[in-house]
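# Fold and contact review
As a plain string of letters, each chain reads:
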Amino acid sequence: MMRAADHTQAMLDWWAATGVDRVDLAVRRASGAMLWQRDRPIAALPLPWARAENAQHADISARPARGRSWPLVLVDDVAVAHAVACDVDALLVETSPAGGCHVWLRCDRALAEDERMRVQRTWLVRLGGDPGSVSGEHLGRLAGFKN
């Protein structure tokens, strides 16, 4: 069985394999305060700090750094995620005990934020995800952290 830290590393390794080398990390404390680590190299992410915040009931999210083109698109709250992963190159992050997932889809080229938004809309219709999470820059849960 994989440890939580192994899930985190597997996600970051998959992102790196797609060409993502810089990440925005967001910590939303129970009070609602948002703390950001923006445009950080993957190897420099403060994961021990994020784990300590998560132990205090903070939500930990991430995305490829804004302001750059990336070959990834996020579709949020997908119930049929496992079937999708059989057909396309995707990373799944389970976000609820009921089986809801974030699906990170690998694209065949890097897309700017507005292009990612258009692709998200297309996949949203196909997968039935959350229509409120279509922005091209939406955060997703960082694997290995409690929801």
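Heads up: the structure comes first, above all this text.
Presented here is a report on the structure given in the accompanying data block. (Residues numbered from 1 in each chain as written. Predicted model: local features only at pLDDT ≥ 70, side-chain atom pairs only at ≥ 80, totals over all residues. Heavy atoms only, no water.)

Moving on, we come to the overall build of the protein. Check the secondary structure of the protein and you find four helices and seven strands. Secondary structure elements of the protein occur, N-terminal to C-terminal, as α-β-β-α-β-β-α-β-β-α-β. Rg of the C-alpha trace for the protein: 14 Å, near the compact-globule value of 15 Å for 147 residues, within the 12% margin. Put simply, the protein has 147 residues, and 44% of those count as buried. Restricting the contact set of the protein to residue pairs at least 6 apart, pairs at least 24 apart contribute 66%. Carbon and sulfur atoms make up 52% of the accessible area of the protein, which amounts to about 7,600 Å² in all. Of the charged side chains in the protein, 18 are positive and 18 negative, and the gap between their average positions amounts to 4 Å. (Helix = DSSP H or I, 4+ residues; strand = E, 2+ residues; numbered from the N terminus. Rg over C-alpha atoms; globule rule 2.2 N^0.38 Å. Buried < 20%, exposed > 50% of the residue type's maximum accessible area, 1.4 Å probe, protein only. Contact = heavy atoms within 4.5 Å. Areas by Shrake-Rupley, 256 points an atom, 1.4 Å probe, with all protein chains shown as cover. Lys, Arg positive; Asp, Glu negative; His and termini not counted. Charge placed at Lys NZ, Arg CZ, Asp CG, Glu CD.)

Attention shifts here to the sheet that holds strand S6 (residues 101-111). The sheet built from three strands is open, its strands ordered S4-S6-S5 with antiparallel pairing. The open sheet has two edge strands with one neighbour each: strand S4 (70-78) and strand S5 (90-94). Between one strand axis and the next, the sheet turns by 25° as a mean value, whatever way the strands run. In the packing of helix H4 (residues 113-127) onto the sheet, contacts are made with S4 and S6, and the angle to S4 comes to roughly 35°. (Pairing = 2+ DSSP bridges. Axes fitted to C-alpha atoms, helices over the stretch in contact; angles between N-to-C directions.)

A separate point is the packing of aromatic side chains. Per the counting criterion, the structure on display carries one aromatic pair. Measuring from centroid to centroid gives 5.0 Å for Trp-15 and Trp-104, while their planes differ by 75°, and the two rings are edge-to-face. One end of the pair, Trp-15, is in helix H1 (residues 4-18); the other, Trp-104, is in strand S6, with 89 residues separating them in the sequence. Both residues of the pair, Trp-15 and Trp-104, count as buried. Sitting above the plane of the Trp-36 ring, Arg-38 keeps its charged end 4.0 Å from the centroid. (Phe/Tyr/Trp six-rings, centres within 6.5 Å; stacked < 30°, edge-to-face > 60°. Lys NZ or Arg CZ within 6 Å of the ring centre and 35° of its normal.)

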